[in-house]
Amino acid sequence: MCHVLVIEDDWLIADHIISLIEQAGATSYDQADCEADAVVAAGAHIPDMIVSDVRLREGTGPLAVQRIIATHGDIPVMFITGTPEACVPCDPTAAVLDKPILESAVIETFRKLAPR
């Protein structure tokens, strides 16, 4: 079982990412569109993996991830962003993929990072 937290403020992109991670093996997911909601969602159901955008409607993905990991421990992270240079602070072990989304790269990276 692999529960994923998807942090993305564009609902169409979030739906696309969710479809891809389900193909890659995710069994459940929560979705958040801002930093605060992501932290709350992670507290309600600790994710096995996080997939996040960098820029959100409120706050940032990297700061949400940093807060979640500080509370819940190490969690694999994949950032999918149109602004990889803005991925600060990004954990150096996080995967950073560019938008537009390359479906095969998302699936491959997810399978590489997701806990088995």
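Anything mentioned here points back to the structure above.
Residues numbered from 1 in each chain as written. Predicted model: local features only at pLDDT ≥ 70, side-chain atom pairs only at ≥ 80, totals over all residues. Heavy atoms only, no water.

S.K.: Tell me about the overall build of the chain, residues and numbers included.
M.R.: Of the regular secondary structure elements, the chain holds 4 helices and 5 strands. A compact globule built from 116 residues should have a C-alpha radius of gyration of about 13 Å, and the chain, at 12 Å, falls within 12% of that. A principal-axis box enclosing the C-alpha atoms of the chain has dimensions of 30 × 30 × 25 Å. Long-range contacts, defined as pairs at least 24 residues apart, comprise 67% of the intrachain contacts of the chain with a sequence gap of at least 6. (Helix = DSSP H or I, 4+ residues; strand = E, 2+ residues; numbered from the N terminus. Rg over C-alpha atoms; globule rule 2.2 N^0.38 Å. Contact = heavy atoms within 4.5 Å.)

S.K.: Describe the pairing of strand E1 (residues 3–7), and please don't skip the residues or the numbers.
M.R.: In terms of burial, E1 is a largely internal element, 5 of the 5 residues being buried. The alternating pattern of E1 places His3, Leu5 and Ile7 and Val4 and Val6 on opposite faces, both of which are buried. Both E1 and strand E2 (residues 28–32) contribute to a ladder of 5 bridges, which runs parallel. Residue pairing for E2: histidine 3 is matched across the bridge by serine 28. (Buried < 20%, exposed > 50% of the residue type's maximum accessible area, 1.4 Å probe, protein only. Pairing = 2+ DSSP bridges.)

S.K.: Describe helix H3 (residues 61–72), naming the residues involved and giving the relevant values.
M.R.: Compared with an ideal rise of 1.5 Å per residue, which puts 12 residues at 16 Å, H3 spans 16 Å between its outermost C-alpha atoms and is within 8% of the ideal. Of all the positions in H3, only Gly61, Pro62, Ala64, Val65 and Ile68 are classed as buried. For H3, the buried positions fall inside an angular range of 155° around the axis, keeping them on one side. Turned more than 90 degrees from where H3 packs its buried face, Ala70 and Thr71 sit exposed. Where H3 is buried, its residues touch E1, helix H2 (35–44), strand E3 (49–52) and strand E4 (77–81). For H3, the N-terminal cap is threonine 60; the gap from its side-chain oxygen to the backbone nitrogen of leucine 63 is 3.1 Å. Just beyond H3, the residue with positive phi is glycine 73, at close to 90°. (Expected span 1.5 Å × (residues − 1). Arc of directions from axis to C-beta. Polar contact = N/O pair within 3.5 Å; in protein donor to acceptor, adjacent residues only side chain to side chain.)

S.K.: Report on the side chain of threonine 81, specifying residues and quantitative values.
M.R.: Its location among the elements puts threonine 81 in strand E4. For threonine 81, a relative accessible area of 1% translates into the label buried. Setting aside its immediate chain neighbours within four residues, threonine 81 contacts Asp53, Val54, Val96, Leu97, Asp98 and Lys99.

S.K.: Could you give me a rundown of unusual backbone geometry, with the residues and numbers involved?
M.R.: At the junction of lysine 99 and proline 100, the peptide bond is cis and its omega measures out at 5° in the coordinates. Within the secondary structure, proline 100 is located in the loop between strand E5 (95–98) and helix H4 (103–113).

S.K.: Quick one: what's the story with the sheet that holds E2, residue by residue and with numbers?
M.R.: Strand order in the open sheet formed by 5 strands is E2-E1-E3-E4-E5, with parallel pairing between adjacent strands. The sheet is open, and its two borders are formed by E2 and E5, each paired with just one other strand. Going across the sheet, the axis of each strand differs from the next one's by a mean of 20°, ignoring polarity. As paired strands, E4 and E5 are joined by 4 bridges and run parallel to one another. (Axes fitted to C-alpha atoms, helices over the stretch in contact; angles between N-to-C directions.)

S.K.: Give me the lowdown on the environment of proline 84, citing residues and values where you can.
M.R.: Looking at where proline 84 falls in the secondary structure, it is placed in the loop between E4 and E5. Separated by 14 residues in sequence, proline 84 and aspartate 98 place their C-alpha atoms 6.7 Å apart. The contact partners of proline 84, leaving out residues within four places of it in the chain, are Val96 and Asp98.

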